[in-house]
Amino acid sequence: MKNFISYMVLIGATCGCSAEAADIPSILENDPNYSPFSYIWKYIASDPGSQSNPAMPECYINEGYLNFKEDYYLNPPVKPSKSKGTVNVQEWPYALGDDESSPDITLNLLSGINGIPQAGVNTYVAVSAADCDSCSGNPSYLDTVLNTVPSANIHTDLSADTTHGKTIQCTNGSVYFTQNGSLNMQTVGETTKANNSLVFVETGNEDSVPRMYAYFKSLWHAVVNDTGAGFQGGTKDSSGLSGMTVPVDVGGRPVSFYAGRNNSFVGPTWTDGGMSIPFPNNLYPPTEGELPSDLNNVNWYDQILLDAGNQLVQGSSVNIAIYMFEIGEVNPFIDNLYRFIRYGFAPSKGSKTPVAISKLPGATVPSSLFPGRLTVNLYYQYQDRPKSPTSTSKYLNNPVKSGSPGRYKMAVKKVWQGFAAGRWCKGNPKTPYTPQDMHLKVATVTYGSTLNLYVTSSNLDMPANGSGKKWQAGNIIHTIQSDALYNIYAREFQSIQSDGIYSQRNLGFINARGNSYFDPGIAPADGKIAQPGIAAFVFPLNLNTGSQPESSGNCTIPK
C-alpha cells in the first residue's frame, strides 16, 4: 500500500502534459490499481478497523450498471492468468474480450471484498437485474458476479428505472471513502471508455459519520426504499437542499451534494424543452429550490447557468466547458444554454429589459442584456436523433447564433466520433486505440482564478425517459484553477480540445504519465490516511505508444 500510494502521488504531480507520445511510457489502464474501487478496498484490506466491532468494516454499492462482458478488443493479445482478492491486485492483466480464459475484472473486484475480514457480511448492494448485459443465462451473469460476496445484503429486485448511480463507499470506522462519478462497475479503465470519478476521503467515527459519506449512504437507502424521504428535507424524488446550501468541507475544499430522480434531477418534462415558460422562470437549479414546487422540478445542470450568471452580472469573463456522453432528444439545459447565448438576460425573445437570472428576492439585475463575457465549449458524443426535429436537435445541428457575438459565444461544438464503420474518418485510428465511448459527465465554470468542477452520474437525459427517470447524484467541487486535484481533469480536457473536430488520434497520450492523482492529504510516508482529502481518477483510452492503424475512408458530419 505504501509503495502504491507513493508512486501514484509522484506520477500525478509530475505530469509532463506537453510531452511527445514517444516519450510517454505505456500504461495498462485496465490495471485495477487505476480503479477507485480497488483503491478503496485495498486500503480497507490493509486496515479493516477494530475486529471487536462486528459492524465494521462496511461497504455500500449503488450501481446503475454492473457488467464486464462488453466489446474489449485489446492489442497486444496478452494471455492473462486468473487471480482474485486483494493480494495480487497489481498483477491483474488485460482481459481478452470473450475469451473464456479471460479474468472477469468486475467479478475479481467484488471478490476482493471477501479478502477483507468481516467486510462480506457488512456489504450492501443495490443494482437492478435489468441493467446488465449477458444476464439472460441460467444462472445469469449478475448472479455469478454478486455471488462472489455470498453473505452480502444484495438487492437485485429493483426496477430498471431505479438508479443510475455509480457509487462505491467503504469505511473501517475511522476512515470513510465515497467514490462517485461517470464510471459504472464495468467501466473502470479496463474498457475503451473514457471515464472519471472522485473519491472523497473523510475521517470520523460511528458517532460522527462524515457528511459526504452519510449523504451517499442515504442515497443507497433511497434507491432501495424507493423514496428520498430519508434525507433531511428530502422528498420522494429529491435529497433536499442541505447538501447544496451548506457544502461539505473535504480536505479544505467545499463540496456540494445533490441527488434526485425523474424531474427532480434532469428537469421538468416539457414537450418543447421548456421554452414555453418565460426565462428565467424555466431555470430550476438545486440552490434555487426554496419553493416547495421547485424540489419537484430540479435541473442539476441549470446550476451551471446560475453560477455563471451570478458572475456575468458583475462584469466577469466566464468560461463554461461541458464534456458529455449523451444528450437526450429533448433536454431543458441544452435549450437554456443555447437560449442564454442567443438572448442573454432577456426574459423572452425581443425584450430589451434585462432580468436577474436568480429567482431569489433581491437578486442583482444586470445593467445590460449581455454583461460580462461568456465563452461556452460543448463537447458531446452523440445526440439522440429523433424522427421529427426538436428544439434540442435543432440547436445541436445548426450554428449557434449569439445575440452579442463579441460577448457571448459558443466557441466549440464537437460531436464525438462513434465507431460505426461508416464514421471512421481518414486520420482516425481504429480500435483499440480510440474510445468506444466518451463517457465523461463533467462540466466546469471558471472565472478569474476560481473553478467550479461539476461531476455527476447523469447524462443530459431527456426528462422522464430512460435514465432520466432514475436516481442520479452530483457534486460540485469549489476550488481554483491551479488546484492539483483539477490537473488530472485538465489533462483529459486538453487532450479532447486539441484533437480537432473528428480526430481522436492523440487522445490519451497526455494522460499516460499519470492516470490518477491523489490529494496530498493522503500521506505517502506510511500509507495511512493522515487527513481528509479528494482523489481524482480520470481514465483516458486504450493507450499504445506504437504506430496506430488509420482508417482510409472519408466521412461526413453525423446527423
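Position labels on residues start from 1 in each chain and follow its written sequence. A pLDDT threshold of at least 70 governs which residues receive local features in this predicted model, and a stricter bar of 80 or more applies before side-chain atom pairs are shown or counted, although totals over entire chains, interfaces and linings include all residues. Hydrogens and waters are ignored; side-chain quantities use all the structure's heavy atoms.

**Description of the overall build of the protein chain**
In this text, helices come from DSSP runs of H or I with a minimum length of four residues, and strands from runs of E with a minimum of two, each type numbered from the N-terminal end. The helix and strand tally for the protein chain stands at 11 helices and 17 strands. Each residue is assigned to one of three classes by its accessible area relative to the maximum for its type, calculated with a 1.4 Å probe on protein chains only: buried under 20%, partly exposed between the two thresholds, exposed over 50%. Residues counted as buried form 60% of the 559 residues belonging to the protein chain. Taking all contacts inside the protein chain whose residues are at least 6 apart in sequence as the whole, residues at least 24 apart take part in 75%. Areas reported as accessible are Shrake-Rupley estimates using a 1.4 Å probe. Residue values count occlusion only from the protein chains shown. Summed over its atoms, the accessible surface of the protein chain is roughly 20,100 Å², and 50% of this surface lies on carbon and sulfur atoms. The contact rule is simple, with two residues in contact once any of their heavy atoms fall within 4.5 Å.

**With respect to the pattern of salt bridges**
Definition used for salt bridges: Asp or Glu carboxyl oxygen within 4 Å of a side-chain nitrogen of Lys or Arg. As enumerated under the stated definition, the model contains seven salt bridges in all. Among the ionic pairs, K470 bridges to D131, the shortest N-O distance being 3.2 Å. Residue K470 is found in the loop between β14 (450–456) and β15 (472–480), and its partner D131 is found in the loop between β2 (123–126) and α4 (141–146); the two are separated by 339 residues along the sequence. For K470, a relative accessible area of 9% puts it in the buried group. Of the residues examined, D131 reaches a relative accessible area of 10% and is grouped as buried. One salt bridge connects R261 with D237, and the closest N-O pair in it is separated by 2.6 Å. Of this pair, R261 sits in the loop between β8 (253–260) and α7 (263–266) while D237 sits in the loop between α5 (211–225) and α6 (242–245), and the two are 24 residues apart along the sequence. Relative accessible area serves as the criterion here: at 5%, R261 is assigned to the buried category. Among the charged side chains, a network of salt bridges with common partners joins D226, K236, D237 and R261.

**A few points about the pairing of β15**
Along β15, seven of the nine residues are buried, which leaves the element largely enclosed by surrounding structure. When DSSP finds two or more bridges between two strands, those strands count as paired. Sheet topology places β8 next to β15; six bridges connect them, and they run antiparallel. Of the residues in β15, the one forming a bridge with G260 is Q472. Looking at chain direction, β14 and β15 are connected through seven bridges and run antiparallel. Looking across to β15, one finds that T450 is bridged to I480.

**Observations regarding α5**
Owing to its 3.6 residues per turn, the α-helix brings residues three or four apart onto one side. For α5, built from 15 residues, the straight-helix expectation of 21 Å at 1.5 Å per residue is met to within 8% by its first-to-last C-alpha distance of 20 Å. Positive backbone phi, approximately 65 degrees, marks D226, located one or two places after α5. The span expected for a helix works out to 1.5 Å for each residue beyond the first.

**Brief notes about the environment of W471**
Locating W471 in the fold gives a position in the loop between β14 and β15. As a C-alpha pair, W471 and F265 span 206 residues in sequence and 8.0 Å in three-dimensional space.

**With respect to the packing of helix α8 (residues 302–312) against helix α9 (residues 332–343)**
Any two packed helices are characterised by the angle at which their axes cross and by the distance between the axes. Where α8 meets α9, the axes come as close as 9 Å, and the angle between the chain directions of the two elements is 20 degrees. Between α8 and α9, the angle is such that the two are roughly parallel. Note on element contacts: α9 touches α8 through F333, N336, L337 and F340, opposite D302, I304, L305 and L312. Looking at side-chain class alone, the contact of α8 with α9 contains six nonpolar, one polar and one charged residues. Each axis is a line fitted through C-alpha atoms, and for a helix only the stretch in contact is used; angles between axes span 0 to 180 degrees, taken between their N-to-C directions. Here is the rule for angles: anything less than 35 degrees is roughly parallel, anything more than 145 is roughly antiparallel, 65 through 115 is roughly perpendicular, and the remaining ranges are oblique. Residues are grouped as follows: nonpolar covers Ala, Val, Leu, Ile, Met, Phe, Trp, Tyr, Cys and Pro; charged covers Asp, Glu, Lys and Arg; every other residue, Gly included, is treated as polar.

**What to know about the environment of S393**
Looking at the secondary structure, you find S393 in helix α10 (residues 391–396). When the C-alpha atoms of S393 and I334 are compared, they prove to be 9.6 Å apart, with 59 residues separating the residues in sequence.

**Concerning the side chain of S358**
Checked against the element boundaries, S358 lands in the loop between α9 and β10 (373–383). As used in this structure description, the phrase polar contact means that two N or O atoms lie within 3.5 Å; if the pair is within protein, one of them must be able to donate a hydrogen and the other to accept it, and residues adjacent in sequence are counted only when both atoms belong to side chains. Looking at S358, its side chain comes within polar contact range of the main-chain nitrogen of L360, at 3.2 Å. Discounting residues that sit within four places of it in the chain, S358 has contacts with E288, L306, N310 and A363.

**Things to note about the side chain of K441**
For K441, the position within the fold is in strand β13 (residues 441–447). This count recognises Lys and Arg as positive and Asp and Glu as negative, with His and chain-terminal groups excluded. For the buried K441, no salt bridge is present, and the opposite-charge side chain at shortest range is E326, 6.3 Å distant. Within the local environment of K441, its side chain forms a polar contact with the side chain of N459, the two groups lying 2.3 Å apart.

**What about the pairing of strand β9 (residues 317–327)?**
Across the 11 residues of β9, nine count as buried, placing the element largely inside the fold. Relative to β13, β9 runs antiparallel, the two being bridged by six bridges. Bridge pairing in β13 places Y323 opposite V442.

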